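Single-letter residue listing:
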Amino acid sequence: MANLKLTDVEKTYGGTVNVLKDINLDIRQGELIVFVGPSGCGKSTLLRMIAGLEKITGGRLEIDGQVVNDVPPAQRGIAMVFQSYALYPHMTVRENMAFALKLAKKPAAEIEASVARAAKMLQLEPYLDRLPKALSGGQRQRVAIGRSIVREPKVFLFDEPLSNLDAALRVATRIEIAQLKEQMPDRTMIYVTHDQVEAMTLASRIVVLADKGIAQVGAPLELYEKPKSEFVARFIGSPAMNLLPGKVTATGAQTTVALEGGGTAVSDYPTTDADSGLAVNVGIRPEDFVTAEPGQAAFTGTVAFTEALGEVTLLYFGKAAGQEAVIGKLPGIHRDMRGRQVSLRAAPGKVHLFHEGRSLLYR
Ligand SMILES: Nc1ncnc2c1ncn2[C@@H]1O[C@H](COP(=O)(O)OP(=O)(O)OP(=O)(O)O)[C@@H](O)[C@H]1O
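This structure is a prediction, so every number in the text was calculated from the model and none was measured. (Residues numbered from 1 in each chain as written. Predicted model: local features only at pLDDT ≥ 70, side-chain atom pairs only at ≥ 80, totals over all residues.)

**Description of the site of the ligand**
Then, number 1: In the vicinity of the ligand, the residues found are Tyr13, Val17, Val19, Gly37, Ser39, Gly40, Cys41, Gly42, Lys43, Ser44 and Thr45.
Then, number 2: The set of elements that each furnish at least two residues to the shell around the ligand consists of strand S2 (17-27) and helix H1 (43-51).
Then, number 3: If you tally residues by element for the shell around the ligand, the top one is H1, at 3 residues.
Then, number 4: For the shell around the ligand, the per-class residue count stands at 4 nonpolar, 6 polar and 1 charged. (Near = placed C-beta within 6 Å. Helix = DSSP H or I, 4+ residues; strand = E, 2+ residues; numbered from the N terminus. Nonpolar A, V, L, I, M, F, W, Y, C, P; charged D, E, K, R; others polar.)

This is the structure:
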């Protein structure tokens, strides 16, 4: 139904402000692609260019092999769902969902069937005769999604659709979107979010945007397990991956690094003789730390602060000069850790290596 291809796409506002460049991306029919990235990196701009709401100032956008750069939004076969779900307040749920089809002068029976199908998919059947004001935020957002479903678009675009919902509703609506996608396996969806959990759970592939371009594209766990750069490593996962500076002391199928803080770490990233002495940052995720004997530790420090979340305890260590504070995440409840000296090493296979910001796995 819809493959999308972006070739060398760029965006410059007002002829001078370049916000995106060299965007090359193939999106296959049926994928759910999630755009993530720091605030202002151009996620919404890219989505709006695909929708046709923003002019593409360079490169090519193809939908099913047809260049659509100059095709108006209504003719692209795309429906967009926004974070503010402006429903018509004086129309019932049924009328809201039927509105676009009525405008398009579809036969009444067809409209009724489409609305019924969408209402069933979104579990909105009990609310069809209500006005929007009598719905919860999550139900309203489902009506907004319903309005796009009835139009049977080839591509669905979602711009932070859950960001106005409270925490519990976000979770419920996120699961509904995942189930909705399962019911429409051949529809292509592109989704912008700030929320890591939404990205990790919904995406077939995540696109990480940074520095005006694509930092990495991959399945969620691929980005988590094999980040190409320190940037992606720290952007995916929370709290962010710790980076500990050091020098390579033994090379081969495994690599040993002597850390500036005094510890050592052994990585499964392979290196060659030429890498001996190389300055690297050792990346260890907070959840990959385990307690260790001081002699085997990658890191020893005094716990400055703790956060007990019940299922895990976060340990915050003091900042060494020129370094980020190290964070550990231990399973379960650990009382009275504050002020204690703790030694940590990484679980086997959980040590990442970066040189000048780039992963040693991708050379
Ligand atoms: N009309 C405009 N004129 C000039 N610059 C613009 C315009 N619209 C957006 N920008 C700039 O383009 C960049 C990308 O904006 P965009 O809204 O796409 O980012 P985003 O990644 O969606 O951000 P956020 O996560 O904060 O929503 C920003 O630096 C923004 O200031």
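**Comments concerning the nonpolar core**
Then, number 1: Ranked by size, the top nonpolar core spans 87 residues in total, and within it Val34, Phe35, Leu157, Ile190, Tyr191, Val282 and Ala298 carry the most contacts.
Then, number 2: Element by element, the count of residues in this core is highest for strand S3 (residues 32-36), at 5 residues.
Then, number 3: Taken together, domain 1 (4-233) and domain 2 (239-359) each give at least three residues to this core, which thus spans both.
Then, number 4: For Phe35, the residues in contact, after removing those within four places along its chain, are Lys43, Leu46, Leu47, Ile190, Val192, Val207 and Leu209. (Core = buried A, V, L, I, M, F, W, Y, C linked by C-beta atoms within 7 Å. Buried ≥ 20, exposed ≤ 12 C-beta atoms within 10 Å, placed from the backbone. Domains from an automatic or database assignment. Contact = placed C-beta atoms within 7 Å.)

**Notes on the sheet that holds strand S18 (residues 327-331)**
Then, number 1: Taken together, 5 strands build an open sheet; the order of strands is S15-S19-S16-S17-S18 and the sheet is antiparallel. Lying at the two open borders of the sheet, with one neighbouring strand each, are strand S15 (289-291) and S18. On average, each strand axis in the sheet is inclined to that of its neighbour by 50°, with strand direction left out of account.
Then, number 2: Here strand S16 (residues 299-308) runs beside strand S17 (residues 312-317); their pairing, made up of 5 bridges, is antiparallel. Bridge pairing in S17 places Glu307 opposite Leu314. (Pairing = 2+ DSSP bridges. Axes fitted to C-alpha atoms, helices over the stretch in contact; angles between N-to-C directions.)

**Considerations on the UniProt feature "domain: ABC transporter" (unreviewed entry) in the protein chain**
Then, number 1: According to UniProt, the positions carrying the feature "domain: ABC transporter" (unreviewed entry) are residues 4-236.
Then, number 2: A helix fraction of 36% and a strand fraction of 26% characterise residues 4-236, whose end C-alpha atoms lie 25 Å from each other. (UniProt positions renumbered as here; feature names shortened; annotations may be inferred.)

**Some points on the domain arrangement of the protein chain**
The figure often quoted for interface size is the accessible area lost as the parts come together.
Then, number 1: The domains assigned to the protein chain are domain 1 (4-233) and domain 2 (239-359).
Then, number 2: Once you take the C-alpha centre of each, domain 1 and domain 2 turn out to be 38 Å apart.
Then, number 3: If you look at the interface, domain 1 gives 6 residues, while domain 2 gives 9 residues.
Then, number 4: Per-class residue counts for the side of domain 1 that touches domain 2 are 3 nonpolar, 1 polar and 2 charged.

**Remarks on the packing of helix H2 (residues 93-103) against helix H4 (residues 137-149)**
Then, number 1: In contact at an axis separation of 7 Å, H2 and H4 are set at 30° when each is read in the N-to-C sense. One finds that H2 runs roughly parallel with respect to H4. Crossing geometry of H2 relative to H4 is assigned as right-handed. On the side of H2, the interface is formed by Val93, Asn96, Met97 and Ala100, while H4 contributes Val143, Gly146 and Arg147. (Parallel < 35°, antiparallel > 145°, perpendicular 65-115°, else oblique. Left-handed = near helix turned anticlockwise from the far one by under 90°.)

**So, the pairing of strand S12 (residues 255-259)**
Then, number 1: Where strand S11 (residues 242-250) meets S12, 4 bridges bridge the pair, whose relative direction is antiparallel. Directly across from Lys247, in S12, lies its bridge partner Ala258.
Then, number 2: Between S11 and S12, which pair antiparallel one after the other, the connecting turn spans 4 residues, and Gly252 there sits at a positive phi close to 135°.
Then, number 3: In this structure, S12 lies alongside strand S13 (residues 264-267), joined through 4 bridges in antiparallel fashion. When the sheet's bridge partners are listed, Thr255 is paired in S13 with Ser267.
Then, number 4: Counted between consecutive antiparallel strands, the loop separating S12 from S13 contains 4 residues, among which Gly262 sits at a positive phi close to 110°.

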